[in-house]
Amino acid sequence: MMESKSLDDLIWFSLLKEFPLLNTQLVQLSPTKVLSFNDLKKVLHEQDLIKFVCELVFLEIEKDNRQNVVPNFTKNFQGKTEPLEGFRKFQESVKHLYCSVGKILPSLNKLEELKAEMKTDSSIFGSKSVIEYYKMNLIGTVLFDLPEGYTNVIKHFYCVSFKAFCNCSYPATGSQIIICSEHHGESQCNCINILRAFDCVNKVLSEIGLLEKLIGSTLTKLVEKWTQIHVDKTCRGAFDTSNIKIIERWIKDVVLVWLTRIYRAGKIHSKRREVVLDKAVTTFREKLLHFVYETYEKLLIDQLFNIIIEYPDSYNAIEDLRICLQRNNLQHLLIEKTKESFVTRLLHPGVNTPDILTAYVASIHALQHLDPSGMLLDAITSPISCYLRSRDDTVHCIVTSLTEEGATDLSDELSGCKKITLCDVVTSVEDDMENWESWVPDPVEVVPGNGEKRDHSTDIITMLVNVFGSKQLFIDEYCKLLADRFLTQFTYNTDKEIRNLELLKLRFGDSELHKCEVMLKDIHDSVRIGTHLQSDSSYGIQDLEFSVRGMFLSAQFWPPFKDNTLKLPTVVTEHLDVYTKAFETYKGNRTLLWKSHLGIVTLEIELKDRTLNLTVSPVHATIIWHFQTKSEWSLADLSKIMMTSCSVLRRKISFWQSQGVLIETAADQYMVLEESSSLNCKPRPSMPLSMFYEEDEAESAVASAQDQRNEELQVFWSYIVGMLTNLESLTLERIHQMLKMFASHGSATKEVSPQQLKSFLDKKVKEHLLIVSGGFYKLAK
């Protein structure tokens, strides 16, 4: 028994010597009372105690990890720290962990030898390798015991390291990167020390097996954050250059090199290619490039409104966005954000219609390049189309832009356009039927939600016509515009308009623009006839007190003119009668009906201290003519003799006041100012015609669409009066229905909307012919 007990004590004391972790009682050991390690292995093997000893030692190792090693490692992870302080804390923690592992490593090696003495494939705690099991236990204990907010210290360590890496390896690149808002950078000499510590820490964590598990997710978030910052700083507002290659180069030359340095424990160029590492870096590179493209795409989508407005200068940004869309399915986000930007920044009363049209044209060009199929264009520009349809001056602005002098987006489009015919449409449909096997449905995320079949044509003029659904509106508007240009400017130059007309005929066809051809022919004939009448003395025009020239217009081909009751002076009427007789003599069976309010008059006004040469409208000329016979007029008397309303006259007289010719002596009482010096005012220089129209706001010579509609509805006024006489009062809806049922011109009435009828009835209310109360109209008594 004593021998057995002595042997047990000898074995135990020998174990305490070889594995100090078991010496919890701090027993003093004598060298003569212990076995050598080789003898100990034999004894343990003979008594089949190796597995028991291994398990016993591991229990103490696990206990030491829980109570000492891991708490010392994680104690620096708590609380908020500054970047440099966090860097040092993490470095210190890893250093302590390395020292703790170093102290236990001899015991692990001896355990490995004991396990090898068993000469079996048995495992310890499910692991065939002692060191492997220790690492698993240590890693599990560390991850389990990590405090809340531990990532702050890790973030600071790698933020400082990345900044130092960029400053040392890529000074130009590093100086452009802001890693943390609170990080102020390091000096160049300190960066070298930081990188040395950085390499040591990564090496230790890699050897222990904690590198990926401890920093993996945090490092991924940091890289994504730096990537977002770099993409935003490099690419925001840079629409004239392509940034994809620049970003990819930064990822390859900076980020991936830095990540490779981490996982290779400080060795950037390794002679021994590590297959696992290369595969991991490649996988991370693909994920990072996907994130970069997504980040850049979202940045471009946020700025797409500005990119569209600046097109074609922003061509490179559109090309980058097109490439990004092929890699990431963000069409839905693009559509929603761009439509929201258009509604917020463009489609409101504060933006002029020409500016909206300019943005619309730019959108067509940009989105056509972004998506040649036209689906994105169709989905994004639908709010613009709806809004343009609601503006009264849209058609006028479109036609003006198409035909005005100088290069514009629409005039350039008109110059290069081709006529779209039914034959073209049929051919396109037949081509689609022939290629039905290769047909691909529209993407779900961009198909309009109303379920209608949409035309994906990107021809600008066609799209503008489709906004209103009829090209007749544009033809009628061009007729009005053409009439205004000739009648308000009184020009006989038709070269530019002939060119515009030929281009429009290519687009809309010859028959639809026949009226405009007649209008231009009238202008050309006016020059010829006027020259003939002036040159032949037999007509008596040369003997007139002042010269008269006329434009001879074919009434049935020109747009309706605005009604005007202006009464010209008798002497002017007599001159016009002479001119009419001369025309009748020349033409035989044709006569002239003068529009007294149209045209221009060249005047020479002689006052006591000055002479003015002006070109004005007939209304202005008639006003000043009457002051020739009487130096002072009241507004009421002048209105009566000219048969013009007081409000119009008051506005027209303000022109002569601005010229220093008339002065208001009392309310609506005007007199000629013969001497400007009497009121200490200097005479103004002669005013050119263009400036006159700017100051006087020249009105259109032709009737507006609403005026024409009211004139058409005047035909039905007798029906309306009869209805209200018999039924006393009717609502707007009821009047509209009865007109459609009983009026003889019912087909024309069906084209009149309730809103247009309401405008006509409201005009009758202003004329005191109708009374409206509670939505019911009745005749005024």
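What counts, and at which threshold
Residues numbered from 1 in each chain as written. Predicted model: local features only at pLDDT ≥ 70, side-chain atom pairs only at ≥ 80, totals over all residues. Heavy atoms only, no water. Pairing = 2+ DSSP bridges. Helix = DSSP H or I, 4+ residues; strand = E, 2+ residues; numbered from the N terminus. Salt bridge = Lys/Arg side-chain N within 4 Å of Asp/Glu carboxyl O. Buried < 20%, exposed > 50% of the residue type's maximum accessible area, 1.4 Å probe, protein only. Axes fitted to C-alpha atoms, helices over the stretch in contact; angles between N-to-C directions. Contact = heavy atoms within 4.5 Å. Parallel < 35°, antiparallel > 145°, perpendicular 65-115°, else oblique. Left-handed = near helix turned anticlockwise from the far one by under 90°. Nonpolar A, V, L, I, M, F, W, Y, C, P; charged D, E, K, R; others polar. 1 Å grid on protein atoms, 1.4 Å probe; cavity = no way out; pocket = protein on both sides within 12 Å on 5 of 7 lines; lining within 4 Å. Points joined across faces, edges and corners; volume = space filled by probe spheres on them.

### Section: the pairing of strand E4 (residues 662–666)
Sheet topology note: the E4/strand E5 (residues 669–672) ladder contains four bridges and is antiparallel. Directly across from leucine 662, in E5, lies its bridge partner valine 672. The turn linking E4 back onto E5 is made up of two residues, and aspartate 668 within it adopts a positive phi angle of 60 degrees.

### Points about the pattern of salt bridges
Under the defined criterion, the tally for this structure stands at 19 salt bridges. As a salt-bridge pair, aspartate 232 and arginine 236 come within 2.8 Å of each other at their nearest N and O atoms. Given the relative accessible area of 44%, arginine 236 is considered partly exposed. For glutamate 497, the salt bridge identified is with lysine 496, shortest N-O distance 3.1 Å.

### Notes on the pairing of strand E1 (residues 601–606)
The pairing of E1 with strand E2 (residues 611–616) spans six bridges and is antiparallel. Following the sheet pairing, threonine 602 is matched in E2 by threonine 615.

### A look at the sheet that holds strand E3 (residues 632–634)
Strands sit in the order E3-E5-E4 across an open sheet of three strands; the sheet is antiparallel. Bordering the open sheet on either side are E3 and E4, each of which pairs with just one other strand. Neighbour-to-neighbour, the strand axes of this sheet turn through a mean angle of 30 degrees, independent of strand direction. Summarising the sheet, E3 and E5 pair through three bridges and their orientation is antiparallel. Opposite glutamate 632, over in E5, you have methionine 671 as the bridge partner. Together, E3, E4 and E5 form the strand contacts of helix H26 (residues 618–629), whose direction differs from that of E3 by roughly 125 degrees.

### Comments concerning unusual backbone geometry
The omega angle of the peptide bond from tyrosine 311 to proline 312 is 10 degrees, so this bond is cis rather than trans. Position of proline 312 among the secondary structure elements: in the loop between helix H12 (304–309) and helix H13 (315–327). In this structure, methionine 643 is a non-glycine residue whose phi angle is positive, near 55 degrees. Turning to its location among the elements, methionine 643 is positioned in the loop between helix H27 (635–642) and helix H28 (646–658). A relative accessible area of 46% means that methionine 643 is categorised as partly exposed. Despite not being glycine, histidine 768 has its phi angle at roughly 65 degrees, a positive value.

### A few points about the packing of helix H18 (residues 394–403) against helix H22 (residues 472–489)
Look at H18 against H22: their axes get within 9 Å of each other, and the N-to-C directions meet at 65 degrees. By the angle class used here, H18 and H22 are roughly perpendicular. The two elements H18 and H22 meet at a crossing, and its hand is right-handed. Across from Val395, His396, Ile398, Val399, Thr400 and Thr403 in H18, the residues of H22 making contact are Leu473, Phe474, Glu477, Tyr478, Leu481 and Arg485. Tallied by class, the residues present in the contact of H18 with H22 amount to seven nonpolar, three polar and two charged.

### Some words on empty space enclosed by the protein
All chains considered together, the criterion is met by one cavity of 30 Å³ or more. A volume near 60 Å³ is recorded for the largest cavity. In terms of lining residues, the largest cavity is bounded by Val399, Leu402, Phe474, Ile475, Tyr478, Leu504, Phe508 and Leu513. Every element with two or more residues in the lining of the largest cavity is listed here: H18, H22 and helix H23 (495–508). It is H22 that contributes the most residues to the lining of the largest cavity, three residues altogether.

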